[in-house]
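Descriptive analysis of the structure
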Amino acid sequence: LDEGTAAAEAMTMARRLSKQASDRFVVHHDTHPQTIAVLATRAEPIGIELVVGDVDEVDGGCFGALFSLPTSSGSVPDWTDAIARVHGQGALAVVATDLLACVLMATPASMGADIAIGSAQRFGVPMGFGGPHAAFIAAGDAAARALPGRIVGVSTDTAGRPALRLALQTREQHIRREKATSN
């Protein structure tokens, strides 16, 4: 999973969670071009209209929107108002972010984002060492069942030690796999 793929997973996740009838997904124009390219590739075969533009594009109706923090050009906008506009339409907001930058600036959750995605490259593989670099996708509890893949939780075993377990029942995971677009 790289950042572009995480963005595509977030787009399809927003489609599953949104109550909007619109097939439009808006991407802010100052998003990494490789992320936009992966979104376009994933959107076409499943009938999603990808709209790359400014924040005003969400006013035409959409099921979700993606903003970058920081943007591809390096600016650090406050997306709080834009996310509120997205929510005002009944759509979901996705923010592509940098994990390390979130230590110093407002986080996607504090701005109201429903889903956060990004590259985890800064925590492992150096830039010159090849790629694609590992990515992450995060969402609140309300959207946890729509996350792609398996969800692992921490529990305790009979001796009281921490133990990892699959958080969803096996049957639910099997049903989700049948509906998945990328597994």
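Report on the accompanying structure.

What counts and what doesn't
- Residues numbered from 1 in each chain as written.
- Predicted model: local features only at pLDDT ≥ 70, side-chain atom pairs only at ≥ 80, totals over all residues.
- Heavy atoms only, no water.
- Core = buried A, V, L, I, M, F, W, Y, C linked by side-chain atoms within 4.5 Å.
- Buried < 20%, exposed > 50% of the residue type's maximum accessible area, 1.4 Å probe, protein only.
- Helix = DSSP H or I, 4+ residues; strand = E, 2+ residues; numbered from the N terminus.
- Contact = heavy atoms within 4.5 Å.
- Polar contact = N/O pair within 3.5 Å; in protein donor to acceptor, adjacent residues only side chain to side chain.
- Pairing = 2+ DSSP bridges.
- Axes fitted to C-alpha atoms, helices over the stretch in contact; angles between N-to-C directions.
- Patch = residues over 30% accessible without salt bridge, like charges linked within 9 Å, V, L, I, M, F, W, Y side chains within 5 Å.
- Areas by Shrake-Rupley, 256 points an atom, 1.4 Å probe, with all protein chains shown as cover.
- Salt bridge = Lys/Arg side-chain N within 4 Å of Asp/Glu carboxyl O.
- Parallel < 35°, antiparallel > 145°, perpendicular 65-115°, else oblique.
- Left-handed = near helix turned anticlockwise from the far one by under 90°.
- Nonpolar A, V, L, I, M, F, W, Y, C, P; charged D, E, K, R; others polar.
- Phe/Tyr/Trp six-rings, centres within 6.5 Å; stacked < 30°, edge-to-face > 60°.
- Lys NZ or Arg CZ within 6 Å of the ring centre and 35° of its normal.

Moving on to the nonpolar core. Core analysis: the biggest nonpolar cluster contains 25 residues, and M11, F25, L39, L66, V94 and I117 have the highest contact counts within it. At the level of elements, α1 (3–17), β1 (24–28), α2 (33–43), β4 (92–98) and β5 (115–119) are the ones that each hand at least two residues to this core. When neighbours within four sequence positions are excluded, I117 is seen to be in contact with E3, A6, A7, A10, V94, V95, A96, T97, F136 and I137. Counting residues in each nonpolar core, the second largest holds 19 residues, with V51, A101, M111 and A113 among its members.

Turning our attention to the environment of T80. With respect to the helices, strands and loops of the structure, T80 is situated in helix α3 (residues 80–88). Between the alpha carbons of T80 and A109 there is a distance of 9.7 Å; along the sequence they are 29 residues apart. Separated by 2.5 Å, the side chains of T80 and D78 make a polar contact.

Strand order across the open sheet formed by six strands is β2-β1-β3-β4-β5-β6, with mixed pairing between neighbours. The outermost strands of the open sheet, each flanked by one partner alone, are β2 (49–53) and β6 (135–139). Between one strand and the next, the sheet's axes are offset by a mean angle of 20°, whatever the strand orientation. The pairing of β1 with β2 spans five bridges and is classified as parallel. When the bridges of β2 are listed, F25 appears paired with L50. Across the face of the sheet, α1 comes into contact with β1, β2, β3 (64–69), β4, β5 and β6 while running at roughly 165° to β5.

Of note, the amide linkage connecting L69 to P70 takes the cis form, showing an omega dihedral of -5°. Topologically, P70 is positioned in the loop between β3 and α3.

For the rest of this paragraph, the subject is a nonpolar patch on the surface. Side chains of L99, L100, V103, L104 and F123 sit close together on the surface and give an oily, nonpolar patch of about 540 Å² of accessible area. Topologically, L104 is positioned in the loop between β4 and β5. Given the relative accessible area of 81%, L104 is considered exposed.

Time to look at the packing of α1 against α2. Axis separation between α1 and α2 bottoms out at 8 Å; the angle between their running directions is 45°. With respect to α2, the axis of α1 lies oblique. As α1 packs across α2, the resulting crossing turns out to be right-handed. On the side of α1, the interface is formed by E3, G4, T5, A7, A8, E9, M11 and T12, while α2 contributes T35, V38, L39, R42 and A43. Of the residues belonging to the contact of α1 with α2, the class tally is six nonpolar, four polar and three charged.

Turning to the packing of aromatic side chains, a few remarks are in order. Scanning the model with the defined rule gives two aromatic pairs in all. The interplanar angle of 35° and the centroid separation of 5.5 Å between the aromatic rings of F25 and F63 together place this pair among those described as tilted. Taken as a pair, F25 in strand β1 and F63 in the loop between β2 and β3 lie far apart in primary sequence, 38 residues in all. Owing to a relative accessible area of 0%, F25 belongs among the buried residues under this scheme. On the basis of relative accessible area, F63 is assigned to the buried category, the value being 0%. Measuring from ring centre to ring centre gives 4.7 Å for F67 and W79, while their planes differ by 25°; the resulting arrangement is stacked. Separated by twelve residues along the polypeptide, F67 in strand β3 and W79 in the loop between β3 and α3 bring together distant segments of the chain. Across from the ring centre of F63, 4.5 Å away, lies the NZ or CZ of R15, which sits over that ring.

What is shown is where atoms sit, not what they do.
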